[in-house]
Amino acid sequence: MDREDVKEEIASFLPGLSLETLTSLLGVLEEIGVESRADLAFVEAKDLEKYLSKIQCRRLLNGIKNKGLPPVEVEDPVAVESPPLTSTPSSSSERTSERNSSFSSPTLPGRPWYTDFRVRWVEMPAAIGKATADAKRPSPGDRRDMIKTVVDQMLAHEQNPTRATCHTIARMIVRDWPKSFADVGQKGDMLGDGCYSLLQQIKTRVEYKNRKQTLQTRRRRQRRPSNVAAEGAIAMARGPVDQYGCVRWCPEELPAGETEATLEETKQQLLNIYAEGGMGGAETAEHLMEKTYITQRQFINGVPAPAIHEIKEDWPFLFSQRGLFSHFSLLTDVSIQTKYEEAMNSKGSTIIRFCQQLNRPGIGDVLAKYEPEASDKAACVLLLLMAYFKEPKNAIMLEADPCATAADVESTVPLPSNPCLIVQGDMMKPTAWMLSIEQKEFHH
């Protein structure tokens, strides 16, 4: 999402909004799929009610509507024409007839295609038709087939629909068939707007269908010579979401004051730091790694793609935790550590409370050892999930002597082919090592 652009637009209508509220508001807008200023036209009052008063909501939405941002409709036309979420058809035959005639109507001039889009349910597998007619949930396999069909119909209008577009269509499907596709809790209550999981599946399928075209296009552009001069270079900018959530997949502009020659010199400095101190120099190298990010992406996106050992030779600090996290943050605009802490504080506690209500083998043993004040919540959650899905501990964890060094573990513990965590001591208070199997190197 273009946060600065959206932030400026909101502030123009609500100038007295506190920075804290504005930041929270930007977060929820990004979560529901707003990617640009134009997408604000599809925001509804219920999306904002947790953060704004009713008057503030009306002022913001009315301001957007009157300003005439494209698209001009604040209300989703699909939502107006679709039946309410809680409504039910007068009969199964009536709804079935409606489903079989649901073809996309011609798009009116000046309106985006998805405002008039209708899923052609007649093309769906028979099992989907039966599930919707009986107001039952389809099987996971049938649901995946339905997602594929929906996305194929969407791609006939646009090759790579945005998340906001996918959200509009997912919301339309859930409003038409809440009993079959809405996200619901254990007590049957709807979770959020009911379409989060459907949105995720649709968007993932869209990205999958575009994976080759997007990658080839960006790699082809990358092979063109760069004409950016040192004096004209600007700071690294955030681009649009282009490849599985990446916002800087293949940056083209060099950092301010840098040339290809100076970046190559910086790369040699990084190799010297690694030669002298190994991974112990990761902290010193972090700033230099950020400066050479564009060079790293050019190398990684090269054709043919480099092997892991080649990346290791040219950019060894990408295999350190600090370097990997920094690179991921620049690539996606997401801080792994921040997201991890937020998820553990919210979802981790939810998982623990859910498991406390269960009576399954293994789960009770994990909870019996868990002490909220002293235990590692992340380790507890991981063990609970493994117990819930009946996964053996050694699937992703290997126990080692608490006093063993990385070299001792490598020489004494049989290492699996898949990456794993080396746990030393009590699993609830683990000292874990990130393990690179191919390179046989451990990083704390």
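Report on the accompanying structure. (Residues numbered from 1 in each chain as written. Predicted model: local features only at pLDDT ≥ 70, side-chain atom pairs only at ≥ 80, totals over all residues. Heavy atoms only, no water.)

**Examining the pattern of salt bridges**
All chains considered together, the criterion is met by nine salt bridges. Here Glu44 makes a salt bridge to Arg175, at a shortest N to O gap of 3.3 Å. Placement of the pair is Glu44 in the loop between helix 2 (19–31) and helix 3 (45–48) and Arg175 in helix 9 (residues 163–176), with a sequence separation of 131 residues. The two residues Glu44 and Arg175 agree in class, both being buried. Between Lys267 and Asp314 there is a salt bridge, with the nearest N and O atoms lying 2.8 Å from each other. Separated by 47 residues along the polypeptide, Lys267 in helix 13 (residues 260–277) and Asp314 in helix 16 (residues 308–314) bring together distant segments of the chain. Residue classification places Lys267 among the buried residues on the basis of a relative accessible area of 10%. Sharing partners across several salt bridges, the network here consists of Glu44, Lys46 and Arg175. (Salt bridge = Lys/Arg side-chain N within 4 Å of Asp/Glu carboxyl O. Helix = DSSP H or I, 4+ residues; strand = E, 2+ residues; numbered from the N terminus. Buried < 20%, exposed > 50% of the residue type's maximum accessible area, 1.4 Å probe, protein only.)

**What about the packing of helix 8 (residues 140–155) against helix 11 (residues 196–209)?**
Angle between the axes and distance between the axes are the two parameters that describe a pair of packed helices. Orientation of helix 8 relative to helix 11, taken along the N-to-C sense of each, is 60°, at an axis distance of 9 Å. The orientation of helix 8 relative to helix 11 falls into the category oblique. Classified by chirality, the crossing of helix 11 by helix 8 is right-handed. On the side of helix 8, the interface is formed by Arg143, Arg144, Met146, Ile147, Lys148, Val151, Asp152, Met154 and Leu155, while helix 11 contributes Ser197, Leu198, Gln201, Ile202, Arg205, Val206 and Lys209. Its residues placed into classes, the contact of helix 8 with helix 11 shows eight nonpolar, two polar and six charged. (Axes fitted to C-alpha atoms, helices over the stretch in contact; angles between N-to-C directions. Parallel < 35°, antiparallel > 145°, perpendicular 65-115°, else oblique. Left-handed = near helix turned anticlockwise from the far one by under 90°. Contact = heavy atoms within 4.5 Å. Nonpolar A, V, L, I, M, F, W, Y, C, P; charged D, E, K, R; others polar.)

**So, the packing of aromatic side chains**
Within this structure, the stated rule accounts for eight aromatic pairs. Ring centres 5.8 Å apart and planes at 85° place the aromatic pair Trp113 and Tyr114 in the edge-to-face group. Taking the centre distance of 5.7 Å and the plane angle of 90° together, the rings of Tyr274 and Phe317 count as edge-to-face. Taken together, the residues span a long stretch of sequence, with Tyr274 in helix 13 and Phe317 in the loop between helix 16 and helix 17 (321–332) at a distance of 43 residues. For Phe317, a relative accessible area of 2% puts it in the buried group. Feature note: the residues Phe42, Trp113, Tyr114 and Phe117 constitute an aromatic cluster, connected by ring pairs. Positioned over the ring face of Trp249 is Arg297, at 5.0 Å from the centre of the ring. (Phe/Tyr/Trp six-rings, centres within 6.5 Å; stacked < 30°, edge-to-face > 60°. Lys NZ or Arg CZ within 6 Å of the ring centre and 35° of its normal.)

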